[in-house]
Amino acid sequence: MLIDRRTLLKATGAASLLGGMPQIVRAAAPESTNKADYTLRIGTGLAELAPGHIVSTTLYNGQFPGPLLRFKEGQQVSLDVHNDTDTPELLHPHGLIIPIDADGAAEEGSPFIPAHGMRRISFIPKPSGFRFYHTHIAAGSDLNRSTYTGQVGPIYIEPKNNPGAYDREVFLILKEFEPTFSQGGDMPMDVLAGEQIKDLKELGDKKEEEFKGPKGYEVGYELFSINGKMLGQGEPIRVKKGERVLFHILNASAGEIRSLALPGHRFKIIALDGNPVPTQAEVPLLWLGTAERISALVEMNHPGVWVMGDLADDDRKRGMGIVIEYAGEKGEAQWTKPEPYLWDYTIFGKANAKPAAPDGTFDFLVVKENGAINGFNRWTLNGEAFSMEAMKPTITVHKGRRYRLKFRNASDDIHPLHLHRNSFELVRVHGKATAGVLKDVVMLGGYQEVEFEFVAESEGLSLFHCHQQLHMDFGFMALFNCV
Ligand SMILES: [Cu+2]
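Since the model is a prediction, treat every value here as computed from it, not as a measurement. (Residues numbered from 1 in each chain as written. Predicted model: local features only at pLDDT ≥ 70, side-chain atom pairs only at ≥ 80, totals over all residues. Heavy atoms only, no water.)

Moving on: the packing of aromatic side chains. Evaluated as defined, the whole model comprises 23 aromatic pairs. Residues Y403 and F454 carry aromatic rings whose centres are separated by 6.1 Å and whose planes lie at 40° to one another, so their mutual orientation is tilted. One end of the pair, Y403, is in strand β24 (residues 402-409); the other, F454, is in strand β30 (residues 449-455), and 51 residues separate them in sequence. For the ring pair F454 and F480, a centre distance of 5.8 Å and an interplane angle of 80° mean the geometry is edge-to-face. Linking F454 in strand β30 with F480 in strand β32 (residues 477-482), this pair joins segments that are 26 residues apart in sequence. Each member of the pair, F454 as well as F480, carries the same accessibility label: buried. (Phe/Tyr/Trp six-rings, centres within 6.5 Å; stacked < 30°, edge-to-face > 60°. Helix = DSSP H or I, 4+ residues; strand = E, 2+ residues; numbered from the N terminus. Buried < 20%, exposed > 50% of the residue type's maximum accessible area, 1.4 Å probe, protein only.)

Given below as structure tokens:
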């Protein structure tokens, strides 16, 4: 289905992802006109997650999620972003390899979209696959700002060659609303495969002792949604037996790690963070760190009415799920708890990987200083918390060279590590060598290690940070300078 640009511009005001059925919007061929291909307006509005659960927050085009933007790989697009709020904003197209001007990260030097002003952003979209856009301002202790709001929307960059072995595509945007602070500490979760590393645990315990006192603030949520609707609200995803549905799933949380299961069905992983995987392994359920995306094929071969939802009972009961309804089936949606399953990135990689020696290696030790900043945890990389004044650490890399980044986590939190303006390749996860899995976010497990490599390809500054808003705002950032 192709929609021309005039229809598209009208549609961006109204397009939504109700019931998992996105409006298909595609950019028309660029022409010499003064009109942008897409228009986004940032402003406060209401998101009706359920009757009686209407949330006032900041949205794109007055809707949650923001409209699906469909780009063509390598074909220039322009985007007019209007900021109807009283504070400067940044729009970050996440997972794209684009210039600083379009990247929407103040630390790199991207310009703000002024309050009640507008900026035109223009770039050549790449790489292909499932990406997204979100705000990139600091929130600090203000839970009405940045990724705690509803400022998120999906991007799909169509590849030059589309494999297309599916019957339909469904986008699922997982998002929590109504955040509050708590000091109970994070709930431990069995998410990732691999063991805790003894010396990291010991160092973590030592730091806990050094910074003892009340637990640093964590963020919890009242309401949970998929595509802006709580479980059981909105339209179900209606399927037919034998249908092959390609789900593009985004964890759009400000800091949560999410899971997703569909009773009686398995997920065949096609792409991680939009990038096709070397091995399309089947898994019983999904784990997604903050900002991670999974594209997974599900063969609809288990008729019924099912809850596709989060494993956490509390979160699912407060909305984190969506109903899958087979044609001809009726009744209340059923949920059954799946067997525990730990996420292992390496099963999607090339077997027997032996990574070549990189041109340079950087080691990072992640440490938490409990409650060190007015009750907020301070996060340090190699002993240093990032500050906008000092702009340190800054790591110099050379264009075209390959670098390995090794992260060791001396805290019990999972950190979804994100590098702007580059894709990276996982080379070692929980001690296991791998290759061929390209990502822009990877979960670093509690007291675990992860190593990845990237070929520096974007000149100038590229921001690196933990994608948990609370962690990046309190020190967990660094800048790479590509010269
Ligand atoms: Cu983190």
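Let us look at the sheet that holds strand β8 (residues 152-158). Read from one edge of the open sheet, four strands run β3-β8-β7-β5, paired in mixed fashion. Because the sheet does not close on itself, it has two edges, and the strands there are β3 (69-72) and β5 (91-94). Neighbouring strand axes in the sheet, compared pairwise and without regard to direction, differ in orientation by 25° on average. One ladder, built from six bridges, connects strand β7 (residues 129-135) with β8; its direction is antiparallel. Residue pairing in the sheet places F132 in a bridge with P154 of β8. (Pairing = 2+ DSSP bridges. Axes fitted to C-alpha atoms, helices over the stretch in contact; angles between N-to-C directions.)

Moving on: the sheet that holds β32. Taken in spatial order, the five strands make up an open sheet running β23-β32-β31-β25-β29, and their pairing is mixed. Every interior strand has two partners, whereas the edge strands, β23 (394-397) and β29 (441-444), have only one. The mean inter-strand angle of the sheet, taken between neighbouring strand axes irrespective of direction, is 25°. Inspection of the sheet shows strand β31 (residues 460-466) paired to β32 by six bridges, in the antiparallel sense. Directly across from L463, in β32, lies its bridge partner L479.

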